[in-house]
Amino acid sequence: MTNDARLYAPSAARNRDAILRTLNPHLPKRGHVLEIASGSGEHITHFAVAHPGLTFQPSDPDPDSRSSIDAWSRHLNLANVAPAIALDVTTGARLSQSVEVIICINMIHIAPWAATIGLMRGAAMMLPQGGLLYLYGPYRRDYAHTAASNEAFDADLRARNPEWGVRDLEAVAALASDHGFSGPHIEAMPANNLSVLLHRR
């Protein structure tokens, strides 16, 4: 396989530095980080370059995405990124080992609600007390869109698949609480997105 397998996501190039700045104070010096729905692999490999002491485990149910992740890792010569694995949270699949951090970027709105339920259930089983679950993407707040662009994006998502859509932050936080996570720490991000940081109680 050559580096031609690499995929490029324009949004990843735009937001990965902002996400990394948000994550930096919360990442341990050593340990394991699992990314759910790694997509092209541009996020996790960017984070791995900045944190050589951490071991990163990418995952995605899509084989083309996994090929891209591995190609990016080879291209950047990263020894701290494991081969991408097929992990579909809707099936209840999870790692047998514990991890200190779970990252999930731009999945919750482009997946059925069952994926969010599976993510919370799996994260509660894999993370230790105090472990971090980091979410990124657009959310409704107080049951309303935060920007006209997010409302239009939500309509487009639901037209493509009625099970997709921008989620209510309150519903995500309540689901997280039901699975043993603390109330979310929220940080505003560029382009009307949010970073949502949850710690396992």
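Look a little higher up for the structure.
Residues numbered from 1 in each chain as written. Predicted model: local features only at pLDDT ≥ 70, side-chain atom pairs only at ≥ 80, totals over all residues. Heavy atoms only, no water.

### Thoughts on the overall build of the protein
So, step 1. Secondary structure summary: the protein contains six helices and eight strands in total.
So, step 2. Taken from the N to the C terminus, the helices and strands of the protein come in the order α-β-α-β-α-β-α-β-β-α-β-α-β-β.
So, step 3. On C-alpha atoms alone, the protein measures out to a radius of gyration of 16 Å, which is about the 17 Å that the 2.2 N^0.38 rule sets for 201 residues.
So, step 4. Projected onto its principal axes, the C-alpha positions of the protein cover 45 × 35 × 30 Å.
So, step 5. Out of the 201 residues belonging to the protein, those deemed buried represent 49%.
So, step 6. In the protein, once contacts between residues fewer than 6 apart in sequence are set aside, the share between residues at least 24 apart is 74%.
So, step 7. Taken as a whole, the protein presents about 9300 Å² of accessible surface, with 52% of it coming from carbon and sulfur.
So, step 8. Once the 17 positive and 19 negative side-chain charges of the protein are each reduced to a mean point, those two points are 5 Å apart. (Helix = DSSP H or I, 4+ residues; strand = E, 2+ residues; numbered from the N terminus. Rg over C-alpha atoms; globule rule 2.2 N^0.38 Å. Buried < 20%, exposed > 50% of the residue type's maximum accessible area, 1.4 Å probe, protein only. Contact = heavy atoms within 4.5 Å. Areas by Shrake-Rupley, 256 points an atom, 1.4 Å probe, with all protein chains shown as cover. Lys, Arg positive; Asp, Glu negative; His and termini not counted. Charge placed at Lys NZ, Arg CZ, Asp CG, Glu CD.)

### A few points about the nonpolar core
So, step 1. One finds Ile36, Ile102, Met107, Leu119, Leu133 and Leu135 to be the most contacted residues of the largest nonpolar core, which totals 29 residues.
So, step 2. Taken together, the elements giving at least two residues each to this core come down to strand S1 (31-36), strand S3 (101-105), helix H4 (113-126), strand S4 (132-137), helix H6 (169-178) and strand S8 (193-199).
So, step 3. The contacts of Leu133, once residues within four sequence positions are left out, are Ile102, Leu119, Met120, Ala123, Leu127, Phe181, Val196, Leu197 and Leu198.
So, step 4. Counting 21 residues, the second-largest nonpolar core is a separate cluster that includes Ala18, Leu23, Phe47 and Val81. (Core = buried A, V, L, I, M, F, W, Y, C linked by side-chain atoms within 4.5 Å.)

### Looking at the sheet that holds strand S7 (residues 185-189)
So, step 1. Sheet architecture is open: six strands sit in the order S2-S1-S3-S4-S8-S7, paired in mixed fashion. Edge positions in the sheet fall to strand S2 (54-57) and S7, since each of these pairs with one other strand and no more. On average, each strand axis in the sheet is tilted by 20° relative to the strand beside it, whichever way the strands run.
So, step 2. With six bridges joining them, S4 and S8 adopt antiparallel strand pairing. (Pairing = 2+ DSSP bridges. Axes fitted to C-alpha atoms, helices over the stretch in contact; angles between N-to-C directions.)

### A short note on the packing of aromatic side chains
The geometry of an aromatic ring pair is captured by the separation of the ring centres together with the interplanar angle, meaning the angle of the planes.
So, step 1. One pass over the structure, following the stated rule, counts one aromatic pair.
So, step 2. Ring plane angle 75° and centroid distance 5.3 Å describe the contact between Tyr8 and Trp72, whose orientation is recorded as edge-to-face. Of this pair, Tyr8 sits in the segment before helix H1 (10-23) while Trp72 sits in helix H3 (residues 63-75), and the two are 64 residues apart along the sequence.
So, step 3. For Trp72, a relative accessible area of 10% puts it in the buried group.
So, step 4. Directly above the ring of Trp72 sits Arg6, whose terminal nitrogen or CZ lies 4.8 Å from the centroid. (Phe/Tyr/Trp six-rings, centres within 6.5 Å; stacked < 30°, edge-to-face > 60°. Lys NZ or Arg CZ within 6 Å of the ring centre and 35° of its normal.)

### Observations concerning the pattern of salt bridges
So, step 1. Under the counting rule described, the total for this entry stands at three salt bridges.
So, step 2. Here Arg158 ties to Asp154 by a salt bridge, and the two come within 2.8 Å at their closest N and O atoms. Here Arg158 and its partner Asp154 are both found in helix H5 (residues 148-160), four residues apart, which amounts to about one turn of the helix.
So, step 3. With its nearest N and O atoms 3.3 Å apart, the salt bridge here joins Arg160 to Asp156. Taken together, the residues span about one helical turn, with Arg160 and Asp156 both in helix H5 at a distance of four residues. (Salt bridge = Lys/Arg side-chain N within 4 Å of Asp/Glu carboxyl O.)

These figures come from the coordinates and say nothing about function on their own.
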